[in-house]
Amino acid sequence: MSRNLAVAYGVATVLLAAAPLVLDAYWVDVLNSVGLYAVLALSLNLILGDAGLFNMGHAAFYAVGAYTAAILSTRLHVPILWALPVSGAAAALFAALVARPVIHLRGDYLLIVTIGMGEIVRIALVNDVLGLTGGANGIFGIARPSAFGFRIRRPQEFFYLIWAFVAATVFLFHRIAQSRFGRALNYLREDAVAAEGSGVNTARYKLIAFSLGAAWAGMAGGIYAAKMTIISPESFSFWESVLLFLIVILGGSGSIPGVIVGAFLVVGLPELFRGFASARMLVFGLAMMVMMVFRTQGLLPLRQVRFKHSDLVKAETAP
Amino acid sequence: MSTLLEIRHLKKSFGGLTAVNDVSFDVAEGSIMGLIGPNGAGKTTVFNLITGNHQADRGTITFRERALLGVPTHRIVSLGVARTFQNIRLFQQLSAVENVLAGRHCRTRAGLFAAALRPRRQRQEEREALARAVSELTFVRLRDCALELARNLSYGNQRRLEIARALATEPSLLILDEPASGMNEQETSELVELIRRIQQRGITVLLIEHDMSLVMRACQNIVVLEYGEKIAEGPPASIRNDPKVIEAYLGTEEV
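The residue count restarts for each chain, going from 1 along the sequence in the order it is written. Following the order in which they are written, the chains are lettered starting with A and the ligands numbered starting with 1. For this predicted model, a pLDDT threshold of at least 70 governs which residues receive local features, and a threshold of 80 or more governs which side-chain atom pairs are given and counted, while totals over whole chains, interfaces and linings are taken from all residues. The side-chain figures draw on all heavy atoms in the structure; neither hydrogens nor water molecules are used.

## Comments concerning helix H5 (residues 120–139) of chain B
Every α-helix winds through 3.6 residues per turn, so residues three or four apart in the chain are directed the same way. Only DSSP runs of H or I with at least four residues qualify as helices, and only runs of E with at least two residues qualify as strands; both kinds are numbered from the N terminus onward. For a helix, the expected span equals 1.5 Å multiplied by the residue count minus one. Its 20 residues place the ends of H5(B) 29 Å apart at the C-alpha level, agreeing with the 28 Å of an ideal helix rising 1.5 Å per residue. Under the scheme applied here, a residue whose accessible area is under 20% of the maximum for its type counts as buried, over 50% as exposed, and between as partly exposed, the area being computed with a 1.4 Å probe on protein chains only. Turning to H5(B), its buried residues are Gln122(B), Glu125(B), Glu126(B), Ala129(B), Leu130(B), Ala133(B), Val134(B), Glu136(B), Leu137(B) and Phe139(B). Here a residue-residue contact requires only that any non-hydrogen atoms of the pair lie within 4.5 Å. Buried residues along H5(B) sit in contact with helix H7 (180–190) and helix H13 (309–317) of chain A together with helix H3 (96–104), helix H4 (112–117), helix H6 (155–167) and helix H7 (185–200) of chain B. Note on H5(B): the residue one or two positions beyond its end, Arg141(B), has a positive phi of about 65 degrees.

## Some words on a positive patch on the surface
To count toward a patch, a residue needs a relative accessible area over 30% and no salt bridge; like charges are then connected within 9 Å, while nonpolar side chains (Val, Leu, Ile, Met, Phe, Trp, Tyr) are connected within 5 Å. Per-residue and other accessible areas follow the Shrake-Rupley method at a 1.4 Å probe size, with only the shown protein chains counted as cover for residues. For this analysis, a salt bridge means a side-chain nitrogen from Lys or Arg found within 4 Å of a carboxyl oxygen belonging to Asp or Glu. All tallies of charge rest on Lys and Arg as positive and Asp and Glu as negative; His and the ends of each chain are not included. All charge positions are set by atom: Lys at NZ, Arg at CZ, Asp at CG, Glu at CD. Taken together, the side chains of Arg3(A), Arg303(A), Lys308(A), Lys314(A), Arg120(B), Arg123(B) and Arg127(B) define a basic patch exposed on the protein surface. For Arg3(A), the location among the structural elements is in helix H1 (residues 3–22).

## Concerning the interface of chain A and chain B
One frequent convention defines the size of an interface as the accessible area lost when the parts assemble. On the side of chain B, 43 residues touch chain A, which itself brings 37 residues to the contact. Buried area is calculated as the accessible area (1.4 Å probe) missing from two parts once they are joined, with the contributions of both summed. Across the chain A to chain B interface the summed buried area is about 3600 Å²; carbon plus sulfur atoms make up 60%. Looking only at chain A, the three residues that lose the most surface to chain B are Arg175(A), Arg180(A) and Tyr187(A), adding up to 20% of its buried area. Where chain A packs against chain B, one counts four salt bridges.

## Some thoughts on the nonpolar core
Ile231(A), Ile247(A), Val97(B), Leu161(B), Ile163(B), Leu174(B) and Ile198(B) are the most contacted members of the largest nonpolar core, which has 157 residues in total. By residue number, the principal contributor to this core is helix H2 (residues 25–50) of chain A, which donates 15 residues. Taken together, domain 1 (1–80 + 171–255) and domain 2 (90–170) of chain B each give at least three residues to this core, which thus spans both. Excluding residues that lie within four positions of it along the chain, Ile163(B) makes contacts with Thr84(B), Val140(B), Leu174(B), Leu176(B), Leu191(B), Leu194(B) and Ile198(B). Note on terminology: a nonpolar core comprises buried Ala, Val, Leu, Ile, Met, Phe, Trp, Tyr and Cys residues joined through side-chain atoms within 4.5 Å. By size, the runner-up hydrophobic cluster in this structure holds 29 residues, among which are Val46(B), Val71(B), Ile208(B) and Val223(B). Each domain's extent was defined by an automatic or database domain assignment.

## Here we look at the packing of aromatic side chains
Ring pairs (aromatic) are described by centroid distance and by the angle formed between their planes. Under the pairing criterion, centres of Phe, Tyr and Trp rings, with the six-membered ring standing for Trp, must be within 6.5 Å; the plane angle then separates stacked pairs below 30 degrees from edge-to-face pairs above 60, leaving the rest tilted. Counted according to the given criterion, the structure contains 15 aromatic pairs over all chains. Taken together, Tyr62(A), Tyr67(A), Tyr224(A) and Phe236(A) form an aromatic cluster joined through their ring pairs. Put simply, a charge is over a ring when the Lys NZ or the Arg CZ is close to the ring centre, within 6 Å, and near the line of the ring normal, within 35 degrees. One cation-aromatic arrangement involves Arg204(A) over Tyr205(A); the distance from NZ or CZ to the ring centre is 5.7 Å. Here the basic side chain of Arg165(B) rests over the ring of Phe91(B), its NZ or CZ set 4.9 Å away from the ring centre.

## Some remarks on the domain arrangement of chain B
Residue and element names in this part refer to chain B. Per the domain assignment, the segments of chain B are domain 1 (1–80 + 171–255) and domain 2 (90–170). Using C-alpha coordinates to define each centre, domain 1 is positioned 27 Å away from domain 2. If you look at the interface, domain 1 gives 22 residues, while domain 2 gives 16 residues. Taken together, the two surfaces of domain 1 and domain 2 that pack against each other cover about 1600 Å², and 57% of this comes from carbon and sulfur. Summed over the shared surface of domain 1 and domain 2, the result is three salt bridges. Residue Arg201 pairs with Glu136 through a salt bridge whose shortest N-O separation is 2.9 Å. Polar contacts, as counted here, are pairs of nitrogen or oxygen atoms within 3.5 Å of one another; within protein the pair requires one atom able to donate a hydrogen and one able to accept it, and residues that are adjacent in sequence qualify only if both atoms are side-chain atoms. Between domain 1 and domain 2 we count six residue pairs in polar contact (both at pLDDT 80 or more) in total. Of all elements in the fold, only helix H2 (73–79), strand E7 (173–177) and H7 reach the threshold of two or more residues within the side of domain 1 that touches domain 2.

## Section: the pairing of strand E9 (residues 221–226) of chain B
Residue and element names in this part refer to chain B. Where strand E3 (residues 32–36) lies against E9, four bridges are found, and the strand directions are parallel. In the sheet register, Ile36 faces E9, and the bridge partner there is Val224. At least two DSSP bridges between two strands are required for those strands to pair. Here E9 pairs with strand E10 (residues 229–234) via five bridges, running antiparallel. Within the sheet, the bridge partner assigned to Glu226 lies in E10 and is Glu229. Hairpin connection between E9 and E10: a loop of two residues separates the two successive antiparallel strands, and Tyr227 in this loop has a positive phi of roughly 50 degrees.

## Things to note about the sheet that holds strand E2 (residues 17–28) of chain B
To summarise the sheet geometry, strands pair through backbone hydrogen bonds and adopt either a parallel or an antiparallel arrangement. Residue and element names in this part refer to chain B. Taken in spatial order, the four strands make up an open sheet running E2-E1-E4-E5, and their pairing is antiparallel. One side of each edge strand has no neighbouring strand; the edge strands of this open sheet are E2 and strand E5 (66–67). Sheet topology places strand E1 (residues 3–14) next to strand E4 (residues 58–63); five bridges connect them, and they run antiparallel. Considered in E4, the bridge of Glu6 is made with Thr62. Angles shown run from 0 to 180 degrees and are taken between the N-to-C directions of axes, each axis being a line fitted to C-alpha atoms and, for helices, limited to the stretch in contact. Of the strands in this sheet, E1, E2 and E4 are in contact with helix H1 (residues 43–50), which crosses E1 at around 115 degrees.

## Some points on the side chain of Ser255(A)
All names here are of chain A. Positionally, Ser255 belongs in the loop between helix H10 (238–251) and helix H11 (256–272). Among the polar contacts made by the side chain of Ser255, one reaches the main-chain amide nitrogen of Gly258 at a distance of 3.0 Å. Discounting chain neighbours no more than four positions away, the residues touching Ser255 are Asn45, Leu300, Pro301 and Leu302.

Structure (C-alpha cells):
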C-alpha cells in the first residue's frame, strides 16, 4: 500500500469514528447504508473488478446470506453474530453450485446468466420456498445482535459494527490483492487463455472468486437482517445488483479505495439531494453518463503497478 | 539423445476441414526443432494440441513417457511444457514483472489463507518468486522495463516478455509460435542468440517460424507440414534441398 493511501485510510477512520458524535440519527443511518453497500460492492469487486467476471446478480448472494441469518435467528434463536459465518458459508456454497455449470461463459453471456440467477432467487423467496422464507411478507422479528453482553440496537451502535466490518474487509482484500491469489484473479481478467497457458487453473480461480465474493455478500446480508429486524424479497431486487455493479464501475473497477468512494457517491449523494425530490435521480443518471464518457476508468482507478523499484532490487540482492 | 516429446498419428479436424492429418515426429531432448510450412498448414494447431488448447481427434502425444491428451492446459504447464502465442497474449494492463510472476504461479503454493495471514512461509515464497521473475527478465534483457506496463513495451520486447513468462514456469520444453514475426533483422539476430542461450540452460525448444534465416540458423532438426500432413523432416541442409519442400513452401523452381 502506498503512503498516500495509508494516510487517506487513517483520515477516513478518524472522521468516521467521530461521525456518530456529531451527526443525527438519520445521517448516521445513511452512513450505515453506505457501509453495507461498500462491503457489498467490495465483494462484487473481487468478482467483477479483480477477476473480470460480469456478475449482475450479486443481490442473490446478499439475499441468501440475509435469509440464512433471519431463519437461524427466528427459528433456532441463534445469536445473529454467530449466524454470520453460516450466512457467508451458505452464500458461498450457493454461489459455487450455481456458478459451476456457467463459469466458462464469457462477458455478456455470463452477465445474462447471472441476471437470471438473481431473478430466480428473488422469485423463489416470494413464493416461500421450502416454507421457510415467509413469501412476499418476508421474515420479521429478527433478533438484534449483541456483543460482550451489550445489545446493539440504535443506528449509532450499528454504525460501529458495520464500519468495523468494512475496515476488516478493506484490510483483508488489500492483502489478497497483494498476493499470489490476487494476481491469479488479475491474470484471469486480463487474458484467461494466457493465464491458463501460464499454468493458472482458471476454472478453479473463477469458482473461488465467485464463492469468496458471495461469502462476503452473504455476511453483509446477515448484518442487514440484524439491522432491519425484518427482511423481504423486495430488498434484493435486480435494482440492487445494478446499483452494486454501478458502484464498482463508477468508483474504479478493481480499486478498493475507488469502490468505497463509489459507495459514498451512489448511496450517499442521492440522500444529499433529497430536497430536489424527483429530480435527484435525473441528476444522478446524468452524472453517471458524463462519468462514462469522460472518465471510463472510474473515479479512483486501480493503481496499476504493484511493485516498487526497491522491491525488485531487494529481491535481486536477497540470498 | 533421448526423446522428450513423441507425437504419433495426430489428427484434428474442424468441421469439414482436416487441419492436422496423421502427423508423427519426435523432439529430441536438448535440441532446437523447427516446425515450418505455408500458412494454414496446421502448425499452430499442432502446438494447440500439444498444450491442450485443442483436443485431438486421434493419435497420441507423449511427453516424458506421460500421455498429454486430455490433460488440462495448466497441468501440462506444470509438467514442464510452456508456450508463447502467435498473436502476443500478455496481461496488457499489468507490469512486465507481474506478467513474469504469472509463470511462477504453478511453482508456488500460497492460497487464500496464506494471503490473509501472511505466515513466514508465504513471505519467503513471494520473495523467491519475485527474485526469479526479475532474473528471468534479466535473462531476456528486459530488466530495465520491469515496472513498465506490458502494453507500453515495443513489439519485439513484448515477444521477449512472453518468453520470460514461459521460462518462469521452469519448462523442459519451450514452444514458440512465430517468435520473430514483426521483428526487424537486428531483433531477429538477438532472438536467435536468446534461443541458443535457452538451449544452453538445458531447455528443449520447438518453434514455428516463417523467417527462414532464423530457422536455418537456429534449428537442428526441421519438420515441414503442408495441408496438415508432414512432407519432410531432417536437418536444415537436407530440408533446403528437398524438392518437395521447395515446391510446397519455397515456390516452384524456375525452369
